[in-house]
Amino acid sequence: MAYTSILAVHRLDRSVEYVMDKDKTSRTGAGSASSLAEAVDDARDREKTECGVFESAIGCTLDTAYRDMRANKERWGRMDGVQGYHLVQSFAEGELTPELAHRIGLELAERLLHGQYPAVVATHLNTHCLHNHIVWDSVAMDTGRKYRSSARTYYTGVRAESDRLCRQYGLSVIESPESERGKNAVREMAGRTKWEADMAHSHPAGCGQRHRGLFDVAAICKGTGGTGL
């Protein structure tokens with residue numbers, strides 16, 4: 001089972017710093033490495049990775065991820081508006097290993113972003129339910145186009161791809177009334193004018209699960225004895 005949530009962010013630096021926290025992404029927690037550079041070295045070492053840090057970068061480097069993303073924005077002159085997106089993918093307690101959780105996070109990022117957007121993927125081990133954080137730049141590296149998030153892209157993209165990966169690896173999949181309501185909302189939006197759909201999307205009640213965001217994921221983790229995301 002994987003519960004997913006996505007939020008638009010306006011302080012990309014804070015999101016990147018938050019998810020790349022070795023107290024949360026390493027088995028040994030605090031003190032496992034004295035710097036992010038050491039953590040990167042650890043991740044590259046096969047023997048250390050077996051009990052090391054679960055952080056990866058796509059289209060950027062771990063130790064300069066935010067600076068790389070900012071440089072990409074500056075190159076295209078796209079410094080305004082939404083700076084990036086923060087996706088959380090939380091798994092049922094005891095259903096998989098940190099290694100598999102991280103692999104699924106990487107595959108999900110590849111399927112959603114197609115290597116076009118700089119991103120970092122971090123698997124947090126600090127709660128009873130393992131969860132991935134994927135943070136990516138809103139600007140595409142090759143075209144300068146901005147990533148657009150909506151109820152449609154959530155249910156047909158994020159949620160659908162996450163469920164496919166869970167089935168592929170033999171994990172359970174959430175079947176909930178909220179999911180069906182979300183699909184119905186997408187169908188309804190398909191028949192509206194653009195401004196009507198945008199208005200509905202901007203209202204929390206119109207987008208269901210996506211807007212409850214990190215708060216629901218945090219509640220799920222706390223419900224299993226975790227301490228937070």
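Up top is the structure these notes are about.
Summary of the structure given here.

The rules we used
- Counting restarts for each chain, with residues numbered from 1 along the sequence as it is written.
- The predicted origin of the model limits local features to residues at a pLDDT of at least 70 and limits the giving and counting of side-chain atom pairs to 80 or more, whereas totals for whole chains, interfaces and linings rest on all residues.
- Based on all heavy atoms of the structure, the side-chain values leave hydrogens and waters out of the count.
- The angle between two axes is taken between their N-to-C directions and runs from 0 to 180 degrees, where each axis is a line fitted to C-alpha atoms and a helix contributes only its stretch in contact.
- Only DSSP runs of H or I reaching four residues or more are called helices, and only runs of E reaching two or more are called strands; each is numbered from the N terminus.
- Each angle gets one of four labels, with under 35 degrees taken as roughly parallel, over 145 as roughly antiparallel, 65 to 115 as roughly perpendicular, and the rest as oblique.
- Crossing chirality is assigned from the near helix's rotation relative to the far helix, an anticlockwise turn below a right angle marking it left-handed and a clockwise turn marking it right-handed.
- Note on definitions: a residue-residue contact is assigned when non-hydrogen atoms from the two residues lie within 4.5 Å.
- Residue classes follow a fixed rule: Ala, Val, Leu, Ile, Met, Phe, Trp, Tyr, Cys and Pro count as nonpolar, while Asp, Glu, Lys and Arg count as charged, and any other residue, Gly among them, counts as polar.
- Stacked, tilted and edge-to-face are the three classes assigned to paired rings of Phe, Tyr and Trp, where Trp is represented by its six-membered ring and a pair needs centres within 6.5 Å; plane angles under 30 degrees give stacked, over 60 edge-to-face, the rest tilted.
- Under the scheme applied here, a residue whose accessible area is under 20% of the maximum for its type counts as buried, over 50% as exposed, and between as partly exposed, the area being computed with a 1.4 Å probe on protein chains only.
- Strands qualify as paired when DSSP identifies two bridges or more between them.

## So, the packing of helix H1 (residues 12-19) against helix H5 (residues 65-76)
Moving on, step 1. In contact at an axis separation of 9 Å, H1 and H5 are set at 155° when each is read in the N-to-C sense. Looking at the two axes, H1 sits roughly antiparallel to H5. As for the relative orientation of H1 and H5, their crossing is right-handed in sense. Along the contact surface, H1 presents Leu-12, Asp-13 and Val-16, while H5 presents Ala-65, Tyr-66, Met-69 and Lys-73.
Moving on, step 2. Residue composition of the contact of H1 with H5, by class: five nonpolar, no polar and two charged.

## Quick notes on the packing of helix H6 (residues 98-113) against helix H7 (residues 151-168)
Moving on, step 1. Between H6 and H7, the shortest axis-to-axis distance is 10 Å and the interhelical angle comes to 140°. Judged by the angle between their axes, H6 and H7 are oblique. Along this stretch, H6 crosses H7, giving a crossing that reads as right-handed. Every residue of H7 that contacts H6 at Ile-104, Glu-107, Leu-108, Arg-111 and Leu-112 is listed here: Gly-157, Val-158, Glu-161, Ser-162, Arg-164, Leu-165 and Gln-168.

## Describing the packing of aromatic side chains
Moving on, step 1. Taken as a whole and assessed by the stated rule, the structure comprises five aromatic pairs.
Moving on, step 2. Consider the rings of Tyr-154 and Tyr-155, whose centres lie 4.8 Å apart with planes at 85°: the pair is edge-to-face.
Moving on, step 3. Judged by relative accessible area, which is 0%, Tyr-154 ranks as buried.
Moving on, step 4. For Tyr-155, a relative accessible area of 8% translates into the label buried.
Moving on, step 5. Among the aromatic residues, ring-to-ring pairing joins Tyr-85, Tyr-117, Trp-136 and Tyr-147 into one connected group.

## A short note on the pairing of strand E1 (residues 2-9)
Moving on, step 1. Taking burial as the measure, the eight residues of E1 include six buried ones, the bulk of the element.
Moving on, step 2. Across eight bridges, the pairing between E1 and strand E3 (residues 84-91) is antiparallel. The residue bridging Leu-7 from the neighbouring strand is His-86, located in E3.

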